[in-house]
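# Results of the structural survey
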Amino acid sequence: MPMSELPSALFAMNPVHLPELFPPRLMARLTALAWIDPALVVQDFADPAVAGPLAETEVLITGWGCPRVDASVLAAAPRLRAVLHAAGSVRNLIAPEVWDRGVSVSNAVQANALPVAEYTLAAILLSGKDAFGLRERFRAEHLYPSPTDYAAVGNLGRRLGVIGASRVGRRLLELLRPFDFSVTLYDPYVDAAEAAALGAALLPLDELLRTSDIVSLHAPDIPETYRMLDRRRLSLMPDGAVLINTSRGALVDPGALTDELVSGRIGAVLDVTEPEPLPADSPLYRLPNVFLTPHIAGSLGNELERMGRTVADELARLGAGAPLGHAVLQADLVNSA
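Keep in mind it's a predicted model, so treat the numbers as computed, not measured.

## Focus: the UniProt feature "domain: D-isomer specific 2-hydroxyacid dehydrogenase catalytic" (unreviewed entry) in the protein
- As annotated in UniProt, the feature "domain: D-isomer specific 2-hydroxyacid dehydrogenase catalytic" (unreviewed entry) corresponds to residues 58–328 in the numbering used here.
- From the first C-alpha to the last, residues 58–328 spans 18 Å; its make-up is 36% helix and 14% strand.

Right under this line is the structure:
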């Protein structure tokens with residue numbers, strides 16, 4: 001594309017993320033696709049120093065830490081025609097006025113889904129081998145368990161329940177295909193045929209909880225899913241079952257979960273909690289049946305480049321007059337995070 005035809009773009013995010021999202025080779029690709037100043041990263045759209053660049057901006061490249069794009073931003077950016085978000089959800093980023101003006105929006109949810117699915121797969125495999133519990137026992141006793149202690153260990157035919165055919169849930173189901181799990185799925189927007197195509201048997205939520213050795217939570221954080229795993233539903237999980245949560249802590253009743261875990265009846269792998277982080281006196285930090293991580297399942301470190309690549313690809317599509325590959329519609333936000 002001739003340089004005169006390149007769109008004018010502007011970064012808007014916390015600048016600490018820019019080098020990881022767009023390392024040198026990828027930044028060079030961006031600057032070949034758009035007029036963009038790598039040294040200018042907006043953190044406040046009302047800053048008088050950015051008024052000039054914002055007035056010329058056709059494409060906003062946003063990320064974590066970006067201020068909300070609302071009517072005041074639209075007034076300051078009359079040429080804006082696309083927001084390319086180098087992160088996940090745009091629910092709290094894009095105001096209704098943006099959709100009303102017909103600005104195109106895309107995000108990197110698909111790119112961010114992969115590391116979450118990878119983390120979850122690892123947690124499932126290790127949970128099926130009781131790796132977390134046996135590690136604690138090994139640390140305490142310094143002895144190998146007897147063969148009888150392994151009777152319930154193993155992943156052959158392990159019953160796995162996936163809650164939510166979200167982007168992450170679907171990527172997880174793809175990753176599970178080579179393994180010998182018995183997989184079930186709960187999602188109110190999926191029918192039995194689609195579930196089968198994804199590699200799972202569709203079940204009502206209560207039945208999935210009753211019949212799963214491992215339950216992995218991948219539903220969006222929306223009003224309909226608030227506390228979807230309450231005290232009654234957690235009590236349906238079989239003794240010794242494991243709950244994996246890489247979604248959001250709000251989906252699970254924290255008091256009920258703590259009670260179940262303190263009792264030792266079930267175990268958990270928790271990358272997210274409510275509140276986040278947990279207070280220092282929470283028993284979940286010390287329980288041998290709980291594996292806690294500090295919200296690391298999503299893109300971190302060099303994984304952020306995958307989201308940056310998504311944005312570069314979208315910018316190339318815009319320049320070529322092609323549809324966005326990861327477009328987000330306002331209607332999509334009803335049932336997504």
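## Observations concerning the UniProt feature "domain: D-isomer specific 2-hydroxyacid dehydrogenase NAD-binding" (unreviewed entry) in the protein
- In the numbering adopted here, UniProt assigns the feature "domain: D-isomer specific 2-hydroxyacid dehydrogenase NAD-binding" (unreviewed entry) to residues 135–297.
- For residues 135–297, helix accounts for 28% and strand for 17%, while the C-alpha atoms at its two ends are 21 Å apart.

## As for helix 12 (residues 254–263)
- Restricting attention to buried positions, one finds in helix 12 the residues Ala256, Leu257, Glu260 and Leu261. The buried residues of helix 12 occupy one face: seen down the axis, they fall within an arc of 130 degrees.
- Lining the buried residues of helix 12 we find helix 11 (231–236), strand 10 (242–245), strand 11 (267–270) and strand 12 (290–292).
- Taking the backbone nitrogen of Gly255 as reference, a side-chain oxygen 3.0 Å away marks Asp253 as the first, capping residue of helix 12.
- Of the residues one or two after helix 12, Gly264 is the one with positive phi, at around 85 degrees.

## Regarding the sheet that holds strand 4 (residues 82–85)
- Strands sit in the order 2-1-3-4-5 across an open sheet of 5 strands; the sheet is parallel. Whereas interior strands pair on both sides, the edge strands pair on one side only; in this sheet they are strand 2 (41–42) and strand 5 (104–106).
- With 4 bridges joining them, strand 3 (residues 59–62) and strand 4 adopt parallel strand pairing. What sits directly across from Thr62, in strand 4, is His85.

## A look at the pairing of strand 6 (residues 159–163)
- When you tally the buried positions in strand 6, you get 4 out of 5 residues, the bulk of the element.
- Of the strand pairs in this sheet, strand 6 and strand 7 (residues 182–186) are connected by 5 bridges, and their pairing is parallel. Bridging across to strand 7, Arg159 finds its partner in Ser182.
- Regarding topology, helix 8 (residues 167–176) serves as the crossover connection from strand 6 to the parallel strand 7, and that connection is right-handed.
- With 4 bridges joining them, strand 6 and strand 9 (residues 214–217) adopt parallel strand pairing. Following the sheet pairing, Ile163 is matched in strand 9 by Leu217.

## Things to note about the packing of helix 6 (residues 109–128) against helix 8
- Two numbers describe how helix 6 lies on helix 8: the axes approach to 8 Å, and their chain directions differ by 50 degrees. Relative to helix 8, helix 6 is oriented oblique. Here helix 6 and helix 8 pass one another in a crossing that is right-handed. On helix 8, the residues that touch Val109, Gln110, Ala113, Leu114, Val116, Ala117, Glu118, Thr120, Leu121 and Ile124 of helix 6 are Arg167, Val168, Arg171, Leu172, Leu175 and Leu176.
- Grouping the amino acids of the contact of helix 6 with helix 8 by side-chain chemistry returns 11 nonpolar, 2 polar and 3 charged.

Rules behind the numbers
- Residues numbered from 1 in each chain as written.
- Predicted model: local features only at pLDDT ≥ 70, side-chain atom pairs only at ≥ 80, totals over all residues.
- Heavy atoms only, no water.
- UniProt positions renumbered as here; feature names shortened; annotations may be inferred.
- Helix = DSSP H or I, 4+ residues; strand = E, 2+ residues; numbered from the N terminus.
- Buried < 20%, exposed > 50% of the residue type's maximum accessible area, 1.4 Å probe, protein only.
- Arc of directions from axis to C-beta.
- Contact = heavy atoms within 4.5 Å.
- Polar contact = N/O pair within 3.5 Å; in protein donor to acceptor, adjacent residues only side chain to side chain.
- Pairing = 2+ DSSP bridges.
- Right-handed = clockwise from strand over helix to strand, strands pointing away.
- Axes fitted to C-alpha atoms, helices over the stretch in contact; angles between N-to-C directions.
- Parallel < 35°, antiparallel > 145°, perpendicular 65-115°, else oblique.
- Left-handed = near helix turned anticlockwise from the far one by under 90°.
- Nonpolar A, V, L, I, M, F, W, Y, C, P; charged D, E, K, R; others polar.

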